[in-house]
Amino acid sequence: MQTQHMRFASVALFMGASMSITAFPVLARILTERNLHKTKVGAVAITCAAVDDVTAWCMLAFVVAIARAKGLDSAIHTALLALGYVLAMFFIIRPLLRRLEAVYERQARLSQTVVAIIFILVILSACATEWIGIHALFGAFLMGCIMPKGTRFIRHLSEKLEDYTVVFLLPIFFAYTGLANANWAVE
């Protein structure tokens, strides 16, 4: 049986960052069930939780990049690539998403072409972060973060994708993650 050795600093940073992530969906559900989501306190709570989660996920992405790096030079290289990636997402992809939203508004429906482009962007974003040295999950997460919020376009897209995501993709993710962890434990 072979053991994997990890640096204490990497493990400590990972644990600290991952423990700072809140159960944002649980908080949102509790506020909604208690009818507090429309109050000032509820709005402040959900805003703080959202900012906390986004910050924590960004920290976690940075920690994962550092943990995967083979040395200081590699970590700096990964950090610079990640910075370039984030800038490209905000200044190139985000305006493209606004144009896709305009196409949706003009057609008054969500076309297959627009959905296909969204899927391709999510996959490319995930591949980019994996190539940089950060987990692919963070690429898909950032793609979701830069989507225009609170619009009919996003509501319609979410409704269209929710069943597919929950019924098909989520079980595959958990099975894949479970198998990967089982393989890691056996090694």
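Placed above this text is the structure.
Report follows, based on the coordinates. (Residues numbered from 1 in each chain as written. Predicted model: local features only at pLDDT ≥ 70, side-chain atom pairs only at ≥ 80, totals over all residues. Heavy atoms only, no water.)

### Some thoughts on the overall build of the protein chain
Basically, it comes down to this: Helical segments are the DSSP runs of H or I of at least four residues, strand segments are the runs of E of at least two, and each set is numbered from the N terminus. Here's how the labels work: a residue is buried when its accessible area is under 20% of the maximum for its type, exposed when over 50%, partly exposed in between, all with a 1.4 Å probe on protein chains only. Throughout, a contact is declared for two residues whenever any of their heavy atoms are within 4.5 Å. In this description, accessible areas are obtained by the Shrake-Rupley approach with a 1.4 Å probe, and a residue is regarded as covered only by the protein chains that are shown.
A tally of helices and strands in the protein chain yields seven helices and zero strands. Secondary structure elements in the protein chain, listed N-terminal to C-terminal, are α-α-α-α-α-α-α. The buried share of the protein chain, reckoned over its 187 residues, is 25%. For the protein chain, long-range pairs separated by at least 24 residues make up 72% of all intrachain contacts whose partners lie at least 6 apart in sequence. Carbon and sulfur atoms provide 70% of the accessible area of the protein chain, an area that totals close to 12,900 Å².

### What to know about helix H6 (residues 136–145)
Worth spelling out the cut-off: Taking the helix axis as origin, the arc is that swept by the directions to the C-beta atoms.
Listing the buried residues of H6 in full gives Phe138, Gly139, Leu142 and Met143. Projection of H6 onto a plane perpendicular to its axis shows the buried side chains occupying an angular sector of 140°, all on one side.

### A word on unusual backbone geometry
For Asn35, which is not glycine, the phi torsion reads 60° and is therefore positive. Here Asn35 shows up in the loop between helix H2 (24–33) and helix H3 (40–68). In the Ramachandran plot, Ala108 falls in the positive-phi region, its phi being about 60° despite a non-glycine side chain. Structurally, Ala108 can be placed in the loop between helix H4 (72–107) and helix H5 (112–132).

### Some details on the side chain of Thr129
Inspection of the secondary structure puts Thr129 in helix H5. Thr129 gets classed as buried once you look at its relative accessible area, which sits at 2%. In this structure, Thr129 is in contact with Tyr85, Ile134, His135, Ala136, Phe138 and Gly139, ignoring residues within four places of it in sequence.

### Points about the environment of Ile146
Secondary-structure assignment places Ile146 in the loop between H6 and helix H7 (152–186). When the C-alpha atoms of Ile146 and Ile93 are compared, they prove to be 8.3 Å apart, with 53 residues separating the residues in sequence.

### Side note on the pattern of salt bridges
Threshold: Only one rule defines a salt bridge in this text: a Lys or Arg side-chain nitrogen within 4 Å of an Asp or Glu carboxyl oxygen.
Overall, the coordinates contain one salt bridge when judged by the stated rule. Two residues, Glu105 and Arg152, come together in a salt bridge whose shortest N-O distance is 2.9 Å. Of this pair, Glu105 sits in helix H4 while Arg152 sits in helix H7, placing them 47 residues apart in sequence. By relative accessible area, Glu105 is classed as partly exposed at 37%.

Everything listed here is a matter of coordinates, which is why it stays silent on function.
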